[in-house]
Amino acid sequence: MLTTSASVRFTVWTNAMLTGACDPDTAAHKILGEDVGHQVAGLPGHPEPATLPVALNLLRAAGAKQAHLALPIPGDPIGLAGPPAFNEVALESGEAVVFTGPDLGLVPAYVGPAVQWTALPATSPQPADFGEADRALRLALIDAADSLAAMDVARWKPEVADALIDIRRIGTGRGDDLAPGYPSRAVKSAATARRLLAIADAALEDDGAAITTTDADARRRTLLALATAARRALVAACAPPPPA
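Conventions and cut-offs
Residues numbered from 1 in each chain as written. Predicted model: local features only at pLDDT ≥ 70, side-chain atom pairs only at ≥ 80, totals over all residues. Heavy atoms only, no water. Helix = DSSP H or I, 4+ residues; strand = E, 2+ residues; numbered from the N terminus. Buried < 20%, exposed > 50% of the residue type's maximum accessible area, 1.4 Å probe, protein only. Contact = heavy atoms within 4.5 Å. Areas by Shrake-Rupley, 256 points an atom, 1.4 Å probe, with all protein chains shown as cover. Pairing = 2+ DSSP bridges. Axes fitted to C-alpha atoms, helices over the stretch in contact; angles between N-to-C directions. Core = buried A, V, L, I, M, F, W, Y, C linked by side-chain atoms within 4.5 Å. Parallel < 35°, antiparallel > 145°, perpendicular 65-115°, else oblique. Nonpolar A, V, L, I, M, F, W, Y, C, P; charged D, E, K, R; others polar. Expected span 1.5 Å × (residues − 1). Left-handed = near helix turned anticlockwise from the far one by under 90°.

Q: So what's going on with the overall build of the protein? Which residues, and what values?
A: Across its full length, the protein carries nine helices and five strands. Taken from the N to the C terminus, the helices and strands of the protein come in the order α-α-β-α-β-α-β-β-β-α-α-α-α-α. Per-residue burial over the protein gives 48% buried out of 244 residues. Long-range pairs, those at least 24 residues apart, make up 65% of the contacts in the protein between residues at least 6 apart in sequence. Put simply, the protein shows about 11,500 Å² of open surface, and 55% of that area lies on carbon and sulfur atoms.

Q: Lay out the environment of Arg221 in plain terms, naming residues and giving numbers.
A: As for its position among the elements, Arg221 is in helix α9 (residues 213–237). Judged by relative accessible area, which is 56%, Arg221 ranks as exposed. In the structure, Arg221 is positioned 17 residues away from Leu204 in sequence and 10.0 Å away in space, judged by C-alpha atoms.

Q: So what's going on with the sheet that holds strand β4 (residues 104–111)? Residues and values would help.
A: Paired through backbone hydrogen bonds, the strands of a sheet run either parallel or antiparallel to each other. Reading across the sheet, the five strands line up as β1-β5-β4-β3-β2 and stay open at both edges, with mixed pairing between neighbours. With partners counted over all chains shown, the strands left at the sheet margins are β1 (37–41) and β2 (66–70), one partner each. Shown here is a sheet whose adjacent strand axes are inclined to one another by a mean of 25°, direction ignored.

Q: So what about the nonpolar core? Which residues, and what values?
A: Formed by 57 residues in total, the largest nonpolar core has its most connected members in Phe10, Leu43, Leu106 and Leu234. The leading source of residues in this core is α9, at nine residues. Excluding residues within four positions of it along the chain, Leu106 makes contact with Phe10, Val40, Leu43, Leu59, Phe86, Ala96, Val97, Phe99, Trp117, Thr118 and Ala119. Phe86, Ala90, Val107 and Ala122 belong to the second-largest nonpolar core, a separate cluster that totals eight residues.

Q: Explain the packing of helix α1 (residues 6–18) against helix α2 (residues 24–32) residue by residue, including any values.
A: In a pair of packed helices, the angle between the axes and the distance between the axes together describe the arrangement. Across the interface, α1 lies against α2 with an axial gap of 9 Å and an inter-helix angle of 170°. For the element pair α1 / α2, the angle class is roughly antiparallel. Every residue of α2 that contacts α1 at Arg9, Phe10, Trp13, Thr14 and Met17 is listed here: Pro24, Thr26, Ala27, Lys30, Ile31 and Leu32. Split into classes, the residues belonging to the contact of α1 with α2 amount to seven nonpolar, two polar and two charged.

Q: Lay out α1 with the relevant residues and their values.
A: Relative to the 18 Å expected for 13 residues at 1.5 Å per residue, α1 spans 18 Å between its end C-alpha atoms, a close match to the ideal helical length. Counting buried positions along α1 yields 12 of 13 residues, so the element is predominantly enclosed. Here α1 has its buried residues at Ala6, Ser7, Val8, Arg9, Phe10, Thr11, Val12, Trp13, Thr14, Asn15, Ala16 and Met17.

Q: Explain unusual backbone geometry to me, and be specific about the residues and the numbers.
A: Here Gly82 and Pro83 are connected by a cis peptide whose omega angle stands at -5°. Its identity as a non-glycine residue notwithstanding, Asp103 has a phi of 55°, on the positive side. Mapped onto the elements, Asp103 comes out in the loop between β3 (96–100) and β4.

Q: I'd like a rundown of the pairing of β4, residues and numbers included.
A: Bridge analysis of β3 against β4 gives three bridges, and the strand direction is antiparallel. Following the sheet pairing, Val98 is matched in β4 by Gly105. For β4 and strand β5 (residues 114–121), the ladder comprises eight bridges, and the chain directions are antiparallel. From the neighbouring strand, Leu104 faces β5, where its bridge partner is Pro121. Counting the residues in the hairpin turn of β4 and β5 gives two residues, including Gly112, whose phi is positive at 60°.

Q: Break down the packing of α2 against helix α3 (residues 52–61) for me, citing the residues and quoting the values.
A: Orientation of α2 relative to α3, taken along the N-to-C sense of each, is 125°, at an axis distance of 9 Å. Relative to α3, the element α2 is oriented oblique. Here the hand of the crossing between α2 and α3 comes out right-handed. In this structure, α2 contributes Pro24, Asp25, Ala27, Ala28, Ile31 and Leu32 to the contact, and α3 contributes Leu52, Pro53, Leu56, Asn57 and Arg60. Residue classes in the contact of α2 with α3 are distributed as eight nonpolar, one polar and two charged.

What follows is the structure, encoded as structure tokens:
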């Protein structure tokens, strides 16, 4: 689930390390989270898979300046700038981290409670416009809440209706921090985006009971639009923070 994806953690805590907001050991601990282990294969000058602390130091030694989140899906390769070989692997995973400096990208594979990263050549993307992405997320939330209310989503999935109303009222998620150095607006936007992605994922699992094909298609379009806006906002919120 993208609300706790390893790529989000890897992006924001690597940026914190690269700006001096934390040391590599702290960043590695935060990236690990509740996973049992991470290994990074394919890093330059290191033929064996590296542990997180070693990988972070290797990335910095290779000239990494910034980390960028990618959350691509077919038709919307947000965060990807090539080459095609990297894009293909990242699209299959649905997430990646791209580094400015060494032109490298990391793609995760989840193996139970562990994560195996593969380093591949990758082109650094242009940072997303945070203001634009945040505004689009707020508009998508309003549209989704109104559209799903009109379709009587409360009878179909009351937990989805309640969650949408809750987020719309408070304007942010709860307890989803990024890393030191990120502005409060980015933290709030990322928290909202994570919760909306979780809601959309849950709601897209089924089309509800006793509804027409037209209703099902309308609900799906609404939820996919919400998920797209949330992915874009999360990518923009996790972009390298501005200098202090």
